Amino acid sequence: MTMMLVFGLTFAAAQNQAEIKFDKVTYDFGTFSDDNPVHKTTFTFTNVGKAPLVINQIVASCGCTIPTYDKRPIAPGQKGTIDVTYNGTGKFPGHFKKSITVRTNGKVEMTRLYVEGVMTGK
């Protein structure tokens, strides 16, 4: 009986979770010169779950990639954004692909976003 009750509560809680859904998870800056090394993009997401979505943490794979976001909970059905700035100053020319790890209270706790491109030298 206790096992059924625990399972029932867990199942009910799972039904009322937040769920993050991104419009896209990769953004390609294309080819750009190291004379113009700073580029920005915005990742848009929707809380498609049934509870408020909270972003607990966002971590970039290197200091050249800076994510910013609103720390307020996102209500079910509402959209939110994560702005990402890539700064290639002092980096070697060539192809790059950087990851941004997003941790939430959602059904899927971790999502990885990517920015990539090719920076050409002089």
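In case you missed it, the structure is sitting above this.
Just so you know, these numbers come straight off a predicted model, no measurement behind them.

Enquirer: Honestly, the nonpolar core in this entry has me stumped. Any pointers?
Expert: Burial of nonpolar side chains together is a common tendency in soluble globular proteins. If you look at the biggest cluster of nonpolar residues, it comprises 21 residues, and the most contacted ones within it are Phe-22, Phe-45, Ile-82, Val-102 and Leu-113. Of all elements in the fold, only strand 1 (20–22), strand 2 (26–33), strand 3 (38–47), strand 4 (55–60), strand 6 (79–87), strand 7 (94–104) and strand 8 (110–120) reach the threshold of two or more residues within this core. Not counting the four nearest positions on each side in its chain, Phe-45 is found in contact with Ile-20, Lys-21, Phe-22, Leu-53, Ile-55, Ile-74, Gln-78, Lys-79, Gly-80, Thr-81 and Ile-82.

Enquirer: Explain the sheet that holds strand 8 here, please?
Expert: Either a parallel or an antiparallel arrangement is found when strands of a sheet pair, and the pairing is made through backbone hydrogen bonds. The sheet built from 4 strands is open, its strands ordered 2-8-7-4 with mixed pairing. Of all strands in the sheet, those with a lone pairing partner are strand 2 and strand 4, marking the two edges. On average, each strand axis in the sheet is tilted by 15° relative to the strand beside it, whichever way the strands run. Pairing between strand 4 and strand 7: 5 bridges, direction antiparallel. Across the sheet, the residue bridging to Val-59 is Thr-101, located in strand 7.

Enquirer: Help me understand the side chain of Asn-47, please; the structure alone is not making it clear to me.
Expert: Its location among the elements puts Asn-47 in strand 3. Judged by its relative accessible area of 1%, Asn-47 falls in the buried class. One polar contact links the side chain of Asn-47 to the main-chain amide nitrogen of Gly-49, over a distance of 2.9 Å.

Enquirer: Could you clarify how one ought to interpret the pattern of salt bridges in this entry?
Expert: Side-chain pairs of opposite charge can arise whenever the charged atoms involved come near each other. If you walk through the whole model with that rule in mind, you get 2 salt bridges. Asp-70 is the salt-bridge partner of Arg-72, the closest N and O atoms lying 2.5 Å from each other. Residue class for Arg-72 comes out exposed when judged on its relative accessible area of 59%.

Enquirer: Would you take a moment to explain the state of the cysteines for this structure?
Expert: Chemically, a disulfide is nothing more than a covalent bond linking the sulfur atoms of two cysteines. Evaluation of the coordinates by the stated rule reveals 1 disulfide. A sulfur-sulfur distance of 2.2 Å marks the disulfide that ties Cys-62 to Cys-64. Its torsion about the S-S bond being -55°, the disulfide of Cys-62 and Cys-64 is classed as left-handed. For Cys-62, a relative accessible area of 23% puts it in the partly exposed group. Residue class for Cys-64 comes out buried when judged on its relative accessible area of 4%.

Enquirer: Could you clarify how one ought to interpret the packing of aromatic side chains in this entry?
Expert: Two aromatic rings are characterised by how far apart their centres lie and by the angle between their planes. Applying the stated criterion across every chain, the model contains 5 aromatic pairs. On the numbers, 6.0 Å between centres and 70° between planes, the contact of Phe-32 with Phe-96 is edge-to-face. Linking Phe-32 in strand 2 with Phe-96 in strand 7, this pair joins segments that are 64 residues apart in sequence. Across the pair, Phe-96 and Phe-32 agree in class, each one buried. A residue is classified by how much of its surface remains accessible, and Phe-96, at 6% relative accessible area, is buried. Put simply, the rings of Phe-32, Tyr-86 and Phe-96 pair up and form one aromatic cluster. Of note, Lys-71 hangs over the ring of Tyr-69, and the distance from its end group to the ring centre comes to 4.5 Å.

What counts, and at which threshold
Residues numbered from 1 in each chain as written. Predicted model: local features only at pLDDT ≥ 70, side-chain atom pairs only at ≥ 80, totals over all residues. Heavy atoms only, no water. Core = buried A, V, L, I, M, F, W, Y, C linked by side-chain atoms within 4.5 Å. Buried < 20%, exposed > 50% of the residue type's maximum accessible area, 1.4 Å probe, protein only. Helix = DSSP H or I, 4+ residues; strand = E, 2+ residues; numbered from the N terminus. Contact = heavy atoms within 4.5 Å. Pairing = 2+ DSSP bridges. Axes fitted to C-alpha atoms, helices over the stretch in contact; angles between N-to-C directions. Polar contact = N/O pair within 3.5 Å; in protein donor to acceptor, adjacent residues only side chain to side chain. Salt bridge = Lys/Arg side-chain N within 4 Å of Asp/Glu carboxyl O. Disulfide = S-S within 2.5 Å. Phe/Tyr/Trp six-rings, centres within 6.5 Å; stacked < 30°, edge-to-face > 60°. Lys NZ or Arg CZ within 6 Å of the ring centre and 35° of its normal.

Spatial relationships are all this shows, so hold off on functional conclusions.
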